[in-house]
Amino acid sequence: MRDATHALIVIDVQNDFCPGGALAVADGDAIIAPINAALAEYPVKVFTQDWHPVGHSSFATSHTGKAPFETTEMPYGTQVLWPDHCEQGSNGAAFHPDLNTTPGDLVIRKGFRPQIDSYSAFFENDRITPTGLEGYLRTRGVTHLTLVGLATDFCVAYSAIDGATLGFDVTVDTTLCRAIDLDGSLQVALDQMKAAGVTLV
Ligand SMILES: [Zn+2]
């Protein structure tokens with residue numbers, strides 16, 4: 001067991017991001033058993049859950065003439081448009097049934113505002129609106145974060161970069177992550193994480 005300053009943040013291991021889901025990440029379910037095993041090493045355990053209202057602005061179906069994986073311009077910048085996924089209360093939004101969330105201290109939901117997406121566990125995609133996770137971790141005395149989950153090149157990377165920018169010591173265990181890799185997005189994300197001071201193992 002690591003000391004009390006260490007948290008494991010498990011990003012979006014939900015049915016829709018696993019094989020068979022609406023926005024499936026290849027091999028996404030392969031990380032579940034080792035994540036379950038890793039939980040025992042961390043005194044602070046946080047799970048995040050993508051949690052969109054029906055008709056969310058990140059869905060391609062909300063934009064006339066747009067297909068999934070195309071982009072659009074939002075007031076906060078360029079947004080990738082996704083298949084409908086992780087709708088609040090749906091089976092797709094549920095954690096994968098094999099993921100052991102029982103020992104979790106906190107479940108933080110994100111992406112619930114209709115007009116803005118939220119990849120990061122810390123800030124929505126405007127990079128300003130906080131989720132509250134930073135305050136939770138600081139008040140518990142956490143300084144070191146290990147991030148795992150789905151997908152490496154979106155929600156994991158954004159969370160890792162924001163965590164490092166906020167001053168946390170951030171490690172991403174890439175063996176416990178899987179990527180979407182949209183037009184080279186994985187390599188871009190890995191480079192950006194390194195540049196932000198994130199440790200990749
Ligand atoms: Zn989403």
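Check the entry above for the structure.
Colleague: So what about the pattern of salt bridges? Which residues, and what values?
Modeller: For the structure on display, the rule yields eight salt bridges. Arg140 serves as the salt-bridge partner of Asp105, at 3.0 Å between the closest nitrogen and oxygen. With Asp105 in the loop between β4 (77–80) and β5 (106–110) and Arg140 in the loop between α2 (133–139) and β6 (144–150), the pair connects residues that are 35 residues apart, well separated along the chain. Using a relative accessible area of 34% as the deciding quantity, one classes Asp105 as partly exposed.

Colleague: Would you mind going over the nonpolar core in detail, with residue names and values included?
Modeller: Leu137 and Leu145 are the most contacted members of the largest nonpolar core, which totals 55 residues. Elements supplying a minimum of two residues to this core: β1 (6–11), α1 (32–38), β2 (44–50), α2, β6, α3 (152–165), β7 (169–178) and α4 (185–195). Not counting the four nearest positions on each side in its chain, Leu145 is found in contact with Ala7, Ile9, Phe122, Leu137, Phe168, Asp169, Val170 and Thr171.

Colleague: Describe the coordination of the zinc ion, and please don't skip the residues or the numbers.
Modeller: Within the protein, the zinc ion binds to Asp50 (OD), His52 (NE2) and His85 (NE2); these donor distances fall in the range 2.0 to 2.1 Å. Coordination of the zinc ion draws on donor residues from a single chain, spaced D-x1-H-x32-H in sequence. Taken together, the residues span a long stretch of sequence, with Asp50 in strand β2 and His85 in the loop between β4 and β5 at a distance of 35 residues. The class of Asp50 is buried, set by a relative accessible area of 3%.

Colleague: Before we move on, could you go through the packing of α3 against α4 and cite the residues and values that matter?
Modeller: Running from amino to carboxyl end, α3 crosses α4 at an angle of 10°, the nearest separation of the two axes being 9 Å. Comparing the axis directions of α3 and α4 gives the class roughly parallel. Seen from α3, the contacting residues are Thr152, Asp153, Phe154, Ala157, Ala160 and Ile161; seen from α4, they are Ser185, Leu186, Ala189, Gln192 and Met193. Residue classes in the contact of α3 with α4 are distributed as seven nonpolar, three polar and one charged.

Colleague: With reference to specific residues and values, describe the packing of aromatic side chains.
Modeller: Scanning all chains against the criterion turns up seven aromatic pairs. On the numbers, 6.3 Å between centres and 75° between planes, the contact of Trp82 with Tyr119 is edge-to-face. One end of the pair, Trp82, is in the loop between β4 and β5; the other, Tyr119, is in the loop between β5 and α2, and 37 residues separate them in sequence. In this pair, the class of Trp82 matches that of Tyr119, namely buried. Ring geometry for Tyr119 against Phe154: centres 5.5 Å apart, planes inclined by 70°, an arrangement best described as edge-to-face. With Tyr119 in the loop between β5 and α2 and Phe154 in helix α3, this residue pair connects regions lying 35 residues apart in the sequence. A relative accessible area of 9% places Phe154 in the buried class. Grouped by ring-pair contacts, the aromatic residues Phe69, Trp82, Tyr119, Phe154 and Tyr158 constitute a single cluster. Lying across the ring of Trp51, Arg109 places its NZ or CZ 3.7 Å from the centre.

Rules and cut-offs
- Residues numbered from 1 in each chain as written.
- Predicted model: local features only at pLDDT ≥ 70, side-chain atom pairs only at ≥ 80, totals over all residues.
- Heavy atoms only, no water.
- Salt bridge = Lys/Arg side-chain N within 4 Å of Asp/Glu carboxyl O.
- Helix = DSSP H or I, 4+ residues; strand = E, 2+ residues; numbered from the N terminus.
- Buried < 20%, exposed > 50% of the residue type's maximum accessible area, 1.4 Å probe, protein only.
- Core = buried A, V, L, I, M, F, W, Y, C linked by side-chain atoms within 4.5 Å.
- Contact = heavy atoms within 4.5 Å.
- Donors = N, O, S within 2.8 Å, 3.2 Å for Na, K, Ca; no water.
- Axes fitted to C-alpha atoms, helices over the stretch in contact; angles between N-to-C directions.
- Parallel < 35°, antiparallel > 145°, perpendicular 65-115°, else oblique.
- Nonpolar A, V, L, I, M, F, W, Y, C, P; charged D, E, K, R; others polar.
- Phe/Tyr/Trp six-rings, centres within 6.5 Å; stacked < 30°, edge-to-face > 60°.
- Lys NZ or Arg CZ within 6 Å of the ring centre and 35° of its normal.

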